[in-house]
Amino acid sequence: MTLLTICLLPWCAALLLARLRSATAAFALAGACALVVLGLLGQMAQAVWAGQTLQSSVAWLPALGVSATLRIDALAWLFATLVSGIGALVILYARYYMDGDERLPRFFALLCAFMGAMLGVVLAGDLVLLAMFWELTSLASFLLIAFNAPDRGAVRGARAALAVTGMGGLALMAAVVMLGRAAGSFDLATVLAAGDVVRADPRYPWILTCFLLAVFSKSAQFPFQFWLARAMAAPTPVSAYLHSATLVKAGIFLLLRFYPVLGGTDAWFFAVSTAGAITLLLGGVAAVFQHDLKGLLAYSTVSHLGLITLLIGFSTPTAIVAAVFHVINHATFKASLFMAAGIVDHECGTRDLRNVNGMWRYMPLTGSLAIVAAAAMAGVPLLNGFLSKEMFFGEALALEGHDPIALLAPLAALLAGAAGVAYSARFVHDVFFNGAPINLPRTPHEPPLWMAAPVAVLVLLCLLVGLIPTPIIGAPLAAAAHAALGGSLPSYSLALWHGFNGPLAMSALALVSGVGIYAVLMRKRALHQRPLPDPWGYRQFERLLLTLARSGVVLVRQLRGDRMRLQMAVLALAAVLAAGWPLLGGGFEAHLPELTAAIPQGGIIVWVVGAVFAIAATSARNQPVTVLLFLGAVGLAVALAFAGLSAPDLSLTQLFVEVATVLLLLLALQRLPVEAPPVRSLGKRLRYAAIAVAGGGGTGWLAWEAMLRKPPAISDYQLANAVSGAGGTNAVNVIIVDFRGFDTLGEITVLAAAALIVWAFLARERAGVLGRFQGSFMLPTAVKIVMPFAALVAVHLYLRGHNLPGGGFVAGLLLAIGLVLEALALGSWRSPHARPVRWLAAGLGLALLTGAASLALGYPFLTSAFGHPVLPVLGEIPLASAALFDLGVLAVVVGATVMLILAFAFGREEGKK
Amino acid sequence: MTVGSVLQVHLAVLPILLPLLTATLALAWPRASRPISLLGALAVLAASMALVLQAAGGVQTVYLLGNWQAPFGIALMADHVSAWALLATAWVLFGVLVFSIGGAQDEGAFFHPLFHVLWMGVNGAFLTADVFNLFVFFEVMLVGSYGLALQGASGGAVGASLRYVAINLAGSALFLIAAGVLYGVSGTLSFADLAVRLPQLPAADRPLAVAGVGLLSVVFLLKAAALPLSAWLPQTYGRIAPVSAAAFTLLTKLGAYGLLRLMTLWGGALGDWPLAGIVLACGAGTLLLAGFGALASLSLTQVATWSVLSSSGFLMLVFASASPQAAAAGLLYLPASAVCASALFLVADLQRRNCLGASRLWLLAAAAGVAGLPPFATFIAKLQALDGVLASPVLAWMALVILLGGLLSVVGLARVGLRVSNRGGKASLSEQLALAWLCGGALLLSVCAGPAQRYVSEAVTQMATPDAYIQAVLGQAPMRSVP
Amino acid sequence: MPMWADICVAVLLIVGALAALIGTWGMLRLPDFMTRLHAPTKAATLGAGCALAALALRFYFVEGGSSLRYLIPLGFVFVTAPVSAHMLARAWRARHPVTPKPDPAMPSASP
């Protein structure tokens, strides 16, 4: 329960803070949250230090074997205390650093969210939960760095941070998945106990690689060190909290946590040590040459993280203890140094070391605190940094085996030590001494007391740990190291004095040489003359990003979404391949036409006529009206073919649809350009021709082959049951309105919707464009004569549809064309009978009602019933409920056709409103 | 014969009928179209939820339309996957509808009828168990989408919409050809019956059947915007109104769903023709292309478009992989990614109208959901997919593709997200509610991940045994009398 | 079917087809729109009429009973063909208005 509170409290606080307006209230809430967490952790201290592991678990994803477990042991406790403790101090600091900024509540919300995420990483008892919170820390860090967006530095920093840590997060996901599989469970306790199994697994190298990618990206180790310097664009409280003490330590935490599982192998030793050593030296040297105050501190953080990584890479128990110790120490002095740097920046208005000089005069209190902290960073005796540096030097000297690393380690340690002293000296000297300040935007003075208080607290801690380490830090350190080792704790001593030995000599040498190097570099301010150094690796990163983005643009442009011809060609090609490959691939016998079979002569004539017109249509492609007429002729040929093949219903439908379509297209052609854009190059034309021939010919061949097969088909059943099951002798109509009535329902919906779209798109004007038809009285008179007959014929066709060729669709088309004629004759679409939308709604409603009627009776939708009632005058007539459905179809067809044609005839002109 | 029992018996067809009813009523009474539309949407949402609950009970509901036995009539099949997809559709479309009403973007002509026609088409496509019926519902869905794409369109948007119409008409023609070939060679149109008959065809006819199935898969690949048929998606979704694009995020999922059904039901009939391999390659290519596209994006709409493409590629990749764990992850990913992508489009709409000022939290939520960051269900789905894929060394390369594509998308999203300014007015309450509904859906799925994962695992097991499907559909007897 | 009816049917069909052919030929070859307009109307009425009459005759003799239904379309054609020709003429005239040329035989109005 306590664990759950610790984890959830910062998130609840973050959500509340996002809504607050007042800075004071936000500060109070955020501070209270941090303090409560700290208090809860303090409560658990005794139990945890004694070696207990507290756990609480909730089942979450049983299918994956994942449960939401929270687990705290001494190592997690240590990190959690760091997170919440430094968090509380940073909140206090930020209150004064960002005094007056109205975004303060949002800032605190993000800080609390980050705290929650970091606590989640530390307290996670399940690998998946760990990966989840890891990603959340990346996200929170991104948002905090981007806090000052759209400032360019903030944007670039945030981008770099997210790209690198995001990549790490993804690598961690892969590592977690593979690790879970290798260990047999995602539960952390199980995984930690399965060390030997994991190390023996064939996937171990992959797991290690992905794991180290995640760790190195988050902790800014080589080759990912560049993002930390860019991240200095964040507000200083963020740098003090995330980028010195907590976020970057997440990778270290992971290394320590999984040391029992993944560590101890040669691969671990070489990979981790090498990366750590390179980072240690790289960061140290880079820090000396920085001109940005925060940049110096950033690179020194990188260097110290490299130190800790190197220690973990050494893989000896004492080295692990030293690593844990340095984590604590580094967090304390680095956070205070960042805060001090923030104070200087806040007071002076600039962070440039070349301009900020002689601050000791203006802010002696801050200066003394900063000097003590910098001394701790350099490894001056009587401070905590000295103790952990000593342990580091001791480990480097004591390293055995693994030549040549063992030989180079002490040398590297010495160099790094010297560099550390050099940049610490630079920090102290160049900021607080070294003459008078140059061109400062503001006159500096001492900051408010409460702003310096957090720095003081941390510096005090540095001093206390440095002077009397065992009472202060002995117990938690031992417990945490024990937890990290997963085994027995080695013997070590935190005493200040071990006698005159190697490490002491190295420390002394490092101090002297570091100061010396700095003095040499600063002679005649030569250091200041050096041009601004480029953060190493960042340029390559930006170049990579730019290349990727450019290739993205090129790829996208290649897609050519605007070129319809190309898209159609690709589609046609895909279809040709999909169908052609199996057919030509073998095992398929093509059926050749058998010329001995009797083919009716009429059929041949119709086929030839149709083919001639089809080819003529392609050749007349620049005269749209001609093409249309030729296609009409092709349609006529098809209708005749249907009639010849004993499908009168289809023939009738084809004829009517032909008329309506030609009418529609003629009206639409007014608005279309006459010529299609020409294709110039011969190569392209040949290619398109080839694809077209393959597609069209292939389709023809497919149709031929498919029609030659005569398997037992569902149509046999439908033909057999049309009369007995559905009460109609016109099997086509029965199929349309009964067997597959649901398809028809869908199709009339499509028709209705299409008409609505065209109407809405074209018919913008409310008044009819043409007035009442002027002049001749012939057309209106003829229409008045013919219309009733047309309606009669339509009704006749509809009524007989179920048993003879006809049906709702054909009748609807006929009626529609008549209505259109009426509308044209009367000159506007306000013709009394043409209220198309009503027809549509009525038709759809009728179709739905007919289907729903069977629902009410307990049968599925669209079940039809039929009978032969005897009516007084007409005698016995076959009546089927599907006739009502057909009526709905009729209404929809009328409405849609009228809408379409009238929209094209009377719609607004292009370009006119 | 109470209303309740009628509803329960006919539950499977309600998600198709209710939107049609709503559209008809909205057409008949245009003044009252808003309340009609909202009520109808709620009803469809309720029906979809009820179907999921029914399916979770282990029932494969088969509904025979017209009371004709399959394969002679049309059957609907509401099993685990269909019901799940229905719920995802309902969730997304409900949110988009509330948003449109809230932002007064539904005042275009016939917006509500066309919206519900789209809904009807998508539901029908997910529920149907018949090839030609699938074609019909594809048409219904497409025509609804044409209408939405043309809402309030002018200039470039009109051209983009018309090109969208053109390419889909070609796709529909291809669908008809495929259906014709399949019918000609086997004599039936029902999925289940085809699954029975295709393997029984004489060897001489088998290549023809494979050709038909191949054509059908080309149609589905077009719908899912798989490489190399992806060109239409960016140019359409990037230029039409973002609200319409938000409603379209599910349409690509239809293609992936179709491919899944095809591969599971008719896999046996295909013999050694490597449909799964082709889908796998297309999916991987699409995923990477989408990553690069996201990196090259300059606006929220563009990045949202590429995220839709990325999710489509991911789905194809996991559905075609032979790992049931990954397929289950894909099913989990389907609703989560659709919801988050829609939310992102809606946020882009807010930005376009300069209403984003105070609501940048939604941008964060939508972007995080799309990118696969916790706590949204997309993260869990990606993790599960990795788990499934890394279990066998043959499939391990897919993990790299998934992670690389994910990284590119994240960086692209970050780049665009950083450019969004925080000036502007406030979004209306309904719009914020709609965004909360959508993002909350992804969160809810994450919290209830346990039951959800159980459901999708059952779904995958069900799909892996097509015999149950075939038995259920072909064995369903017509209703004899009033129950 | 009696011989004379057979011959009648054949003659009617041939006449109708010839009418259609001549009408089409005329439509292609006649020079001016107005003259061209005559051709399809003749083809429609005469051709359709003869074909329908042949049909009516044949079905009367083969199946017996009323074959009036085959003459109904003829009525429609007779009503609509002239109207459409009229509308075409009006449309063309609206596009190409003709000013009357002065007749050289008549005394001119101007001095």
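Residues numbered from 1 in each chain as written. Chains lettered and ligands numbered in written order. Predicted model: local features only at pLDDT ≥ 70, side-chain atom pairs only at ≥ 80, totals over all residues.

## Section: the overall build of chain A
Of regular secondary structure, chain A possesses 36 helices and 6 strands. The C-alpha atoms of chain A give a radius of gyration of 42 Å, which is well past the 29 Å a tight globule of 913 residues would have. Taking the principal axes of its C-alpha atoms as reference, chain A extends roughly 125 × 60 × 60 Å. Relative to its 913 residues, chain A shows a buried fraction of 52%. Considering only intrachain contacts with a sequence separation of at least 6, the fraction spanning at least 24 residues in chain A is 78%. (Helix = DSSP H or I, 4+ residues; strand = E, 2+ residues; numbered from the N terminus. Rg over C-alpha atoms; globule rule 2.2 N^0.38 Å. Buried ≥ 20, exposed ≤ 12 C-beta atoms within 10 Å, placed from the backbone. Contact = placed C-beta atoms within 7 Å.)

## Comments concerning the overall build of chain C
The secondary structure content of chain C amounts to 3 helices and 0 strands. Counting helices and strands in the order they occur from the N terminus, chain C gives α-α-α. A compact globule built from 111 residues should have a C-alpha radius of gyration of about 13 Å, whereas chain C, at 21 Å, is more than 25% larger. Its C-alpha atoms give chain C principal-axis dimensions of roughly 75 × 25 × 25 Å. Among the 111 residues that make up chain C, the fraction classed as buried is 11%. The contacts of chain C with a sequence gap of at least 6 include a subset with a gap of at least 24, amounting to 62%.

## A few points about the pairing of strand β2 (residues 66-72) of chain A
All names here are of chain A. Burial of β2 is extensive: 5 of the 7 residues sit out of reach of the surface. Looking at chain direction, strand β1 (residues 54-61) and β2 are connected through 7 bridges and run antiparallel. From the neighbouring strand, Leu-54 faces β2, where its bridge partner is Ile-72. In this antiparallel pair of consecutive strands, β1 and β2, the connection spans 4 residues, and Gly-65 shows a positive phi of 80 degrees. (Pairing = 2+ DSSP bridges.)

## Remarks on the domain arrangement of chain A
According to the domain assignment, chain A contains domain 1 (277-488 + 504-559) and domain 2 (730-913). Centre-to-centre separation of domain 1 of chain A and domain 2 of chain A, based on C-alpha positions: 84 Å. (Domains from an automatic or database assignment.)

## With respect to helix α16 (residues 317-348) of chain A
Residue and element names in this part refer to chain A. Spanning 32 residues, α16 covers 46 Å between terminal C-alpha atoms, matching the ideal 46 Å at 1.5 Å per step. Along α16, 28 of the 32 residues are buried, which leaves the element largely enclosed by surrounding structure. At the exit of α16 stands Gly-349, carrying a positive phi of roughly 85 degrees. (Expected span 1.5 Å × (residues − 1).)

## Observations regarding helix α36 (residues 882-906) of chain A
Its 25 residues give α36 of chain A an end-to-end C-alpha distance of 35 Å, which sits within 8% of 36 Å, the value for a rise of 1.5 Å per residue. Burial analysis of α36 of chain A places 24 of its 25 residues in the buried class, the great majority of the element.

## Side note on the packing of helix α17 (residues 377-390) of chain B against helix α18 (residues 396-419) of chain B
Residues and elements named next belong to chain B. In the contact formed by α17 and α18, the axes pass within 7 Å of each other and the chain directions differ by 155 degrees. Considering their axes alone, α17 and α18 lie roughly antiparallel with respect to each other. Seen along the crossing, α17 lies across α18 with a hand that is left-handed. Contact with α17, carried on its side by Lys-382, Ala-385, Leu-386, Val-389 and Leu-390, involves Ala-396, Met-398, Ala-399, Ile-402 and Gly-406 of α18 and no other residues of that element. In terms of residue class, the contact of α17 with α18 is built from 8 nonpolar, 1 polar and 1 charged. (Axes fitted to C-alpha atoms, helices over the stretch in contact; angles between N-to-C directions. Parallel < 35°, antiparallel > 145°, perpendicular 65-115°, else oblique. Left-handed = near helix turned anticlockwise from the far one by under 90°. Nonpolar A, V, L, I, M, F, W, Y, C, P; charged D, E, K, R; others polar.)

## Focus on the confidence of the model for chain A
The predicted model of chain A averages 84 in pLDDT, with 93% of residues at 70 or higher. In the model, residues 765-772 of chain A has pLDDT below 50 throughout and makes 12 contacts with residues more than four positions away in sequence or in other chains. (pLDDT = per-residue confidence, 0-100.)

## Some words on the nonpolar core
Formed by 550 residues in total, the largest nonpolar core has its most connected members in Ala-30, Ile-145, Ala-174 and Ala-373 of chain A together with Leu-215, Ala-343 and Leu-344 of chain B. Looking at which domains feed residues into this core, each of domain 1 (277-488 + 504-559) and domain 2 (730-913) of chain A supplies at least three. Once residues within four sequence positions are removed from consideration, Ile-145 of chain A is found in contact with Ala-154, Gly-157, Ala-158, Ala-161, Ala-231, Ala-233, Ala-234 and Val-238 of chain A. Judged by nonpolar contacts, the second largest core, of 7 residues, contains Leu-12, Ala-43, Ala-44 and Cys-50 of chain C. (Core = buried A, V, L, I, M, F, W, Y, C linked by C-beta atoms within 7 Å.)

## A short note on the interface of chain B and chain A
If you look at the interface, chain B gives 108 residues, while chain A gives 98 residues. For the side of chain B that touches chain A, the element with the most residues is helix α7 (residues 156-186) of chain B, which contributes 11 residues. The residue inventory of the side of chain B that touches chain A, partitioned by class, reads 76 nonpolar, 25 polar and 7 charged.

## Topic: the environment of Leu-182 of chain B
Residue and element names in this part refer to chain B. Among the secondary structure elements, Leu-182 is positioned in helix α7. The sequence separation of Leu-182 and Ala-160 amounts to 22 residues, and the corresponding C-alpha distance is 33 Å. Contacts of Leu-182, omitting those with residues within four sequence positions, involve Val-131, Leu-194, Ala-209 and Gly-212.

## Examining unusual backbone geometry
Geometrically, the link from Phe-222 of chain A to Pro-223 of chain A is a cis peptide bond, its omega value of 0 degrees lying close to zero. Here Pro-223 of chain A shows up in the loop between α9 (204-218) and α10 (226-230). Following Pro-374 of chain B, the chain continues to Pro-375 of chain B via a peptide bond in cis, the omega torsion being 0 degrees. Mapping Pro-375 of chain B onto the fold places it in the loop between α16 (360-371) and α17. Despite not being glycine, Ser-315 of chain A shows a phi value in the positive range, around 60 degrees. Within the secondary structure layout, Ser-315 of chain A lies in the loop between α15 (293-314) and α16.

## Some remarks on the environment of Gly-255 of chain B
Residues and elements named next belong to chain B. Among the structural elements, Gly-255 can be located in helix α12 (residues 251-270). Note on Gly-255: 24 C-beta atoms within 10 Å, which makes it buried. Counting along the chain gives 42 residues from Gly-255 to Ser-297, while the straight-line C-alpha distance between them is 25 Å. Setting aside chain neighbours within four positions, we find Gly-255 in contact with Phe-220, Leu-221, Lys-223 and Ala-224.

## Some points on the environment of Ala-59 of chain A
For Ala-59 of chain A, the location among the structural elements is in strand β1. Accessibility expressed as a C-beta count within 10 Å gives 10 for Ala-59 of chain A, which makes it exposed. Ala-59 of chain A sits 10 residues away from Thr-69 of chain A along the chain, and the two C-alpha atoms are 8.1 Å apart. Beyond its immediate stretch of four places on either side in the chain, Ala-59 of chain A contacts Ser-67 of chain A together with Gly-450 of chain B.

## Some remarks on the confidence of the model for chain C
Detailed conclusions should not be drawn from predicted coordinates in areas where pLDDT is low. Per-residue confidence for chain C gives a mean pLDDT of 84; residues scoring 70 or more make up 94%. Element-level pLDDT for chain C is lowest in helix α3 (residues 72-95) of chain C, with a mean of 84, against a maximum mean of 91 in helix α1 (residues 3-29) of chain C.

## As for the packing of helix α6 (residues 152-183) of chain A against α18 of chain B
Direction vectors running N to C along α6 of chain A and α18 of chain B enclose 160 degrees, while the axes themselves pass 10 Å from each other. With respect to their mutual orientation, α6 of chain A and α18 of chain B come out roughly antiparallel. In this structure, α6 of chain A crosses over α18 of chain B, and the sense of that crossing is right-handed. Residue-level contacts link Val-155, Ala-158, Arg-159, Leu-162, Ala-163, Gly-166, Met-167, Leu-170 and Ala-174 of chain A of α6 of chain A to Ala-399, Leu-403, Gly-406, Leu-407, Val-410, Val-411, Ala-414, Arg-415 and Leu-418 of chain B of α18 of chain B.

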